[in-house]
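Summary of the model geometry
Here are the chains, one letter per residue:
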Amino acid sequence: MKKTWVPFVGVLILMLVITACSSDKTTNSSAQGSDKPAGEASKEVKLTFFNTSAEVNGVFEKLFKTYHELHPEVTIELIPTPIGGAQLEKFQSLLASGNPATIANLDAGTILQYKDKFLNLDSEKSTYEGLTKPGAVDGALLDGQFLGIPWTAQGYGLLYNKRVVEEATGGSFDPNSIKTRDDLEAVFKKIEAAGKAPVMLHGADWSLGAHYLGLTYSLQSKNVEDNRKFVEDLEKGTVSLADNAAFNGLMDTFDLLKKYNARAKDPLVADYTKDSTDFAKGDAAFYFMGDWTWAVIGNLEGRDKEFGMIPVPISNNPEDYGNTQVAYSEPKLFAIDNSGSTEAQQAAAKAFIQWMVTSDEGQDAIVAQMGLALPYKDVKVKSSNILSEAVNSYVDQGKVLNISVINYLPQDYWAKTGASMQKYLADVIDRKGLIDEVQAYWASQAGK
């Protein structure tokens, strides 16, 4: 299977709309890690930080300044990247010049592609297993190695507008009541009868190809290596989607979403801001999307106040894997260079990263200012992102679908198969035609 960089598209959408703000908050954790043994003089060390989360450059820079105030011997310089452009090329040029960044904030797939350039962090693994929520470290492993420290978490499924659902159904809505496809359709029918659109489907290739159809590759097994083998078998042509229960169940549910889609008359317009806004203001009860859309709807005037998330049910057996789990991943990781950095820089980088994800200052920057969710147990800062909190409730219950197989998929898988899903959504091809096109794509990847 081709192992190359693939953007987790939800993160790109999130980063295009986040406003980088700052806070003057002062906390009690300022002294964490700042004490040094008496008489010990610390040598000055300079770190560079390569950042692909371009819209929050300012938040990172302020955080570096705070850390320098606490640790005067450590200076951290930001290497910014443009929004959505030439980030990988800039990273490659730094490697080629022999001047790599000490710390890199990268997509997991990029770290995997350049794994020989990064420090193996297995010595830190037990520490982070103790700090993070269950499964966070396992979800960050790449080819079984701990090469990147998780710091963001995202989830997606069927978002719901609580007011719309409850007004249409005439009672309190319990998200746990939907465990099967039939459960979902029963609610859809009540919402339609009340004169509201049951669901919003966003028609962009990234939503359809990566987020929806992409669930196929994660639903095969709870084990990521088994899911990788399934994709390899697709490439070899030794498995057929036509005979695959997870795929067919997923597509049966897609047919249901398609039937009740608020955008059914023009399904491929794919105006992300409009779809998100209309859902937030009550024009649809459910919305297939992720917690990153809070960056659009969080500050909308006139929006509804209560939202949540349910998994996408893929069968009528409530015990089937996926029916009660939301899709979950850690799309960005912090990796430490091992191709040009000194041991002192590597040690300082480890200390800084741990401070950033555990200190009050670091957590405030990530959660309150960047608007992201931390996959850590002891997060002292409450997020304003209602959707992230909904995802966290599933994480805390262990009800998550690990989608980290996407780290091993080709760069163009979502665009190519997403185009086929668009044809299916617009009734240009039927399910057999969809299967033929998707399997032809995977066959084209054999041997690459």
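Residues numbered from 1 in each chain as written. Predicted model: local features only at pLDDT ≥ 70, side-chain atom pairs only at ≥ 80, totals over all residues. Heavy atoms only, no water.

Condition: UniProt positions are given in the numbering used here, feature names are shortened, and annotations may be inferred rather than shown by experiment.
The protein chain is annotated in an unreviewed UniProt entry as Carbohydrate ABC transporter substrate-binding protein of Paenibacillus amylolyticus. The UniProt entry for the protein chain carries this comment under Sequence similarities (unreviewed entry): "Belongs to the bacterial solute-binding protein 1 family."

1. Details of the sheet that holds strand S3 (residues 103–107)
Selection criterion: The pairing criterion is simple: DSSP has to find at least two bridges between the two strands. Only DSSP runs of H or I reaching four residues or more are called helices, and only runs of E reaching two or more are called strands; each is numbered from the N terminus.
Here we have five strands laid out as an open sheet, ordered S2-S1-S3-S10-S4, and mixed in their pairing. Each edge of the open sheet carries a strand with a single partner, namely strand S2 (74–79) and strand S4 (149–150). Pairing of strand S1 (residues 45–51) with S3, which is carried by three bridges, proceeds in the parallel orientation. Counterpart to phenylalanine 49 in the pairing with S3 is isoleucine 103.

2. Let's talk about the nonpolar core
If you look at soluble globular proteins, the nonpolar side chains tend to sit buried side by side. Spelled out, the test is: What makes a nonpolar core is a set of buried Ala, Val, Leu, Ile, Met, Phe, Trp, Tyr and Cys residues whose side-chain atoms join them at distances within 4.5 Å. Relative accessibility decides the category of a residue: with a 1.4 Å probe and only protein chains considered, values under 20% of the type maximum give buried, values over 50% give exposed, and everything between is partly exposed. Boundaries between domains were set according to an automatic or database domain assignment.
Counting residues in hydrophobic clusters, the biggest one holds 82 residues, and the most contacted among them are Leu158, Tyr217, Phe254, Phe286, Tyr413 and Trp442. Here the element with the most residues in this core is helix H12 (residues 245–259); it accounts for seven residues. Viewed by domain, this core spans two of them, domain 1 (45–153 + 330–399) and domain 2 (155–328 + 410–445), each represented by three or more residues. Listed in part, the 39 residues of the second largest apolar core include Ile76, Val357, Leu372 and Val381.

3. Here's the deal with the packing of aromatic side chains
Heads up, the rule is: Two rings from Phe, Tyr or Trp (for Trp, the six-membered ring) form a pair when their centres sit within 6.5 Å of each other. Planes less than 30 degrees apart are called stacked, planes more than 60 degrees apart edge-to-face, and all others tilted. Definition used: whenever NZ (Lys) or CZ (Arg) falls within 6 Å of the ring centre and also within 35 degrees of the ring normal, the charge is taken to sit over that ring.
Under the definition given, this model contains 30 aromatic pairs. Relative to phenylalanine 352, the ring of tyrosine 67 has its centre 5.0 Å away and its plane inclined at 75°; by these criteria the two rings are edge-to-face. Highlighted residues: tyrosine 67 in helix H2 (residues 57–70) and phenylalanine 352 in helix H15 (residues 343–358), separated in sequence by 285 residues. Here tyrosine 67 falls in the buried class, since its relative accessible area comes to 3%. Ring centres of tryptophan 294 and phenylalanine 307 lie 6.1 Å apart, and the angle between their planes is 75°; on these two criteria the pair is classed as edge-to-face. Taken together, the positions of tryptophan 294 in helix H14 (residues 294–297) and phenylalanine 307 in strand S8 (residues 307–310) put the pair 13 residues apart, joining distant regions of the chain. Judged on exposure class, the residue tryptophan 294 and its partner phenylalanine 307 are both buried. Three or more aromatic residues joined by ring pairs make a cluster, and in this case those are Phe49, Phe60, Phe64, Tyr67, Trp151, Phe334, Phe352 and Trp355. Across from the ring centre of tyrosine 424, 4.5 Å away, lies the NZ or CZ of lysine 258, which sits over that ring.

4. A closer look at the pairing of S3
Of all five residues making up S3, five are buried, and the element is well covered by its neighbours. In this structure, S3 lies alongside strand S10 (residues 332–336), joined through five bridges in antiparallel fashion. Bridge pairing in S10 places leucine 106 opposite leucine 333.

5. Some points on unusual backbone geometry
A positive phi angle, close to 50°, is found at aspartate 143, a residue other than glycine. Its location among the elements puts aspartate 143 in the loop between helix H6 (136–140) and S4. On the basis of relative accessible area, aspartate 143 is assigned to the partly exposed category, the value being 23%. The phi dihedral of alanine 270 falls on the positive side, at around 55°, and the residue is not glycine.

6. Here's the deal with the environment of alanine 295
Locating alanine 295 in the fold gives a position in helix H14. With a relative accessible area of 28%, alanine 295 lands in the partly exposed category. Taking C-alpha positions, alanine 295 is 9.7 Å from methionine 370, a pair spaced 75 residues apart along the chain.

7. Looking at the pattern of salt bridges
Worth spelling out the cut-off: A carboxyl oxygen of Asp or Glu within 4 Å of a side-chain nitrogen of Lys or Arg is what we treat as a salt bridge.
On inspection of all chains with the given rule, the structure shows 22 salt bridges. One salt bridge in this structure joins arginine 228 and aspartate 143, with 2.8 Å as the shortest N-O distance. Of this pair, arginine 228 sits in helix H11 (residues 224–236) while aspartate 143 is found in the loop between H6 and S4, placing the two residues 85 residues apart along the sequence. Look at arginine 228 and you get buried, because its relative accessible area is 6%. Connected via shared salt-bridge partners are Lys115, Asp143, Glu225 and Arg228.

8. Things to note about the packing of H15 against helix H16 (residues 360–369)
Just so we agree on the cut-off: Fitted lines through C-alpha atoms serve as axes, helices being fitted only where they are in contact, and the angles separating the N-to-C directions of these axes extend from 0 to 180 degrees. Angle categories: roughly parallel below 35 degrees, roughly antiparallel above 145, roughly perpendicular from 65 to 115, and oblique for all the rest. In this description, contact between two residues means that some pair of their heavy atoms is separated by no more than 4.5 Å. Under the grouping applied here, Gly and all other residues not named as nonpolar or charged are polar, the nonpolar ones being Ala, Val, Leu, Ile, Met, Phe, Trp, Tyr, Cys and Pro and the charged ones Asp, Glu, Lys and Arg.
Axis separation between H15 and H16 bottoms out at 5 Å; the angle between their running directions is 70°. The orientation of H15 relative to H16 falls into the category roughly perpendicular. Contacts between H15 and H16 involve Trp355, Met356, Val357 and Thr358 on the former and, on the latter, Asp360, Glu361, Gly362, Gln363 and Ile366. Tallied by class, the residues present in the contact of H15 with H16 amount to four nonpolar, three polar and two charged.

9. As for helix H3 (residues 87–96)
Filter applied, for reference: Here, the arc refers to the directions that run from the helix axis to the C-beta atoms.
Within H3, the full set of buried residues consists of Gln87, Leu88, Phe91, Leu94 and Leu95. Looking straight down H3, one finds that the buried residues subtend no more than 120° of arc, so they occupy a single side. Packing partners of the buried residues in H3 comprise S1, S2, S3 and helix H4 (108–113). Taken from the residues just after H3, glycine 98 is the one with a positive phi, measuring 75°.

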